[in-house]
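One letter stands for each residue in the lines below.
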Amino acid sequence: MACPVQFLCRGLRTVGLVLLYYVFSIGITFYNKWLMKGFHYPLFMTLVHLTINFCLSALTRVAMQWWTGKPRIVLSWTDYRLKVAPTALATALDIGLSNWSFLFITISLYTMTKSSAVLFILFFSLVFKLEEMNPFLILVVLLISSGLFMSTFQSTQFNLEGFIMVLLASFIGGIRWTLTQVLMQKAELGLQNPVDAIYHLQPLMFLGLFPLFLYNEGLSLCTSEKLFRVTELSPLLYSLFTLSIGGSLAFGLGFSEFLLVSRTSSLTLSIAGIFKEVCTLILAAALIGDQMSMLNWLGFAVCLCGISLHVGLKTHSKNKVPSLRQLNSKSPELELPLLQQKRDGAEDSAADEYNDEEEEITLH
């Protein structure tokens, strides 16, 4: 009876972790869209989220240090400026543009367009030689590209400005996740744990996004009754409270992805991410009334086929790649293959000290 019980417990644990990931991932998408209806300052909202992420990661580091008795990593200023800054800037622009697009487009169009990030991640991973050229990758590119075209063709709720923002965010996201992998492969930096990575990335992300915020929203926000020109305390507290919820969801998303990967596998996260997109579109149509034609749904299905094919290729190549523990014992560099699937604006990785199974850890 031991084996069936262990199998059942592992299955229940996986289902629980997937549901937790869905709650944060789908929740922050709908929450940000809802918030943008009455609060038209997406860059300021992103800055608040970064501040909350930094505070929560700092508290988590203190708790982990107290629990383990081991000091957490603190990078030197040289490494911080030269090695972390490019990743932080790309991450800030990716998340900022993604949140900004919610002012113009629907959740459905955002979800379908954001799926194109796989193409850009694949492109930059080939440029940085993190991936080897494969004939099947051409098929992946064709499926995702054609699917994206079909899913946005003659869309009744299409907005060019928002579409360009998401597409630009996807392009920058390709740079972001490629640089993130390169950053976390450097074992001497010690940023394999996502909490440490979030802690070091948030300040530079804040500084990178702040000039864009000042240019686009600074003057408008200073004269807005939402924050600085409030006549009563209750509206100000309400605005700060709603912004804080979004920041907590962003931190929870990154941590839930890390838990899912470290306690199951990267394949589980990949498959869960595919079904999450389907759930997001269904909920957007049912709850918000997003409109999609049959051609749009067919295009999204084609796009998902391309992503699924790429996940299958990564799974096949996984058998040829040693596990994280084996890499850690044989090489000073942690060779983490890149998961070509980027979702929501969240930062996550995996640390072998928390990985209790012989599973490779990939970036989502």
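Everything quoted here is computed from the prediction, not taken from an experiment.

Comments concerning the overall build of the protein chain
Line of reasoning, step 1. Helix and strand counts for the protein chain stand at 12 helices and 0 strands.
Line of reasoning, step 2. Restricting the contact set of the protein chain to residue pairs at least 6 apart, pairs at least 24 apart contribute 85%.
Line of reasoning, step 3. Approximately 16,800 Å² of the protein chain is accessible, and the part contributed by carbon and sulfur atoms is 70%.

Some details on the confidence of the model for the protein chain
Line of reasoning, step 1. Scored by pLDDT, the protein chain comes out at a mean of 76, with 80% of its residues at no less than 70.
Line of reasoning, step 2. Across the protein chain, helix 2 (residues 42–68) holds the top mean pLDDT of 92, while helix 12 (residues 324–330) sits lowest at 38.
Line of reasoning, step 3. Here residues 321–364 scores under 50 on pLDDT; set against residues more than four positions off or in separate chains, the count is 151 contacts.

A short note on the packing of helix 2 against helix 8 (residues 194–222)
Line of reasoning, step 1. Packing of helix 2 against helix 8 brings their axes to within 8 Å, and their N-to-C directions diverge by 160°. One way to sum up the angle between helix 2 and helix 8 is to call them roughly antiparallel. Seen along the crossing, helix 2 lies across helix 8 with a hand that is left-handed.
Line of reasoning, step 2. Broken down by class, the residue content of the contact of helix 2 with helix 8 amounts to 19 nonpolar, 8 polar and 3 charged.

Notes on the pattern of salt bridges
Line of reasoning, step 1. Under the counting rule described, the total for this entry stands at 6 salt bridges.
Line of reasoning, step 2. The salt bridge involving Arg-61 is made with Asp-196; its shortest N-O contact spans 2.6 Å. Of this pair, Arg-61 sits in helix 2 while Asp-196 sits in helix 8, and the two are 135 residues apart along the sequence.
Line of reasoning, step 3. We classify Arg-61 as buried; its relative accessible area is 7%.
Line of reasoning, step 4. The class of Asp-196 is buried, set by a relative accessible area of 3%.
Line of reasoning, step 5. Look at the salt bridges and you will find they share partners, linking Arg-61, Arg-72 and Asp-196 into a network.

Brief notes about the UniProt feature "transmembrane region" (unreviewed entry) in the protein chain
Line of reasoning, step 1. UniProt records the feature "transmembrane region" (unreviewed entry) for residues 12–31, 43–67, 102–124, 136–154, 160–179, 236–255, 267–288 and 294–313 in the present numbering.
Line of reasoning, step 2. Helix makes up 100% of residues 12–31 and strand 0%, whereas the separation of the span's terminal C-alpha atoms amounts to 28 Å.
Line of reasoning, step 3. Helix and strand shares over residues 236–255 are 100% and 0% respectively, and the end C-alpha atoms of the span are 29 Å apart.

Procedures and definitions
The residue numbers shown here count from 1 along each chain, following its written sequence. With the structure being a predicted model, the display of local features is reserved for residues of pLDDT at least 70 and the display and counting of side-chain atom pairs for 80 or more, all residues being used for whole-chain, interface and lining totals. Think of the side-chain values as coming from all heavy atoms in the structure, minus any hydrogens and water. Working definition: helices are DSSP H or I runs of at least four residues, strands are E runs of at least two. Numbering for both runs from the N terminus. Contact between two residues is taken to exist if any of their heavy atoms lie within 4.5 Å; hydrogens are not considered. Note that accessible areas follow from Shrake-Rupley with a 1.4 Å probe, and for residues the cover is restricted to the protein chains shown. On a range of 0 to 100, pLDDT expresses the predictor's confidence in each residue. A fitted line through C-alpha atoms represents every axis, and for helices the fit uses only the stretch in contact; the resulting angles, taken between N-to-C directions, go from 0 to 180 degrees. Roughly parallel covers angles under 35 degrees, roughly antiparallel covers those over 145, roughly perpendicular covers 65 to 115, and oblique covers all other angles. Handedness of a crossing is defined here by the sense of rotation of the near helix relative to the far one, left-handed for an anticlockwise turn of less than a right angle and right-handed for a clockwise turn. Three residue categories are used. Nonpolar comprises Ala, Val, Leu, Ile, Met, Phe, Trp, Tyr, Cys and Pro, charged comprises Asp, Glu, Lys and Arg, and polar comprises the others, including Gly. For this analysis, a salt bridge means a side-chain nitrogen from Lys or Arg found within 4 Å of a carboxyl oxygen belonging to Asp or Glu. Classification of residues uses two cut-offs on accessible area relative to the type maximum, computed with a 1.4 Å probe and protein chains only: under 20% is buried, over 50% is exposed, and between them is partly exposed. UniProt positions are given in the numbering used here, feature names are shortened, and annotations may be inferred rather than shown by experiment.

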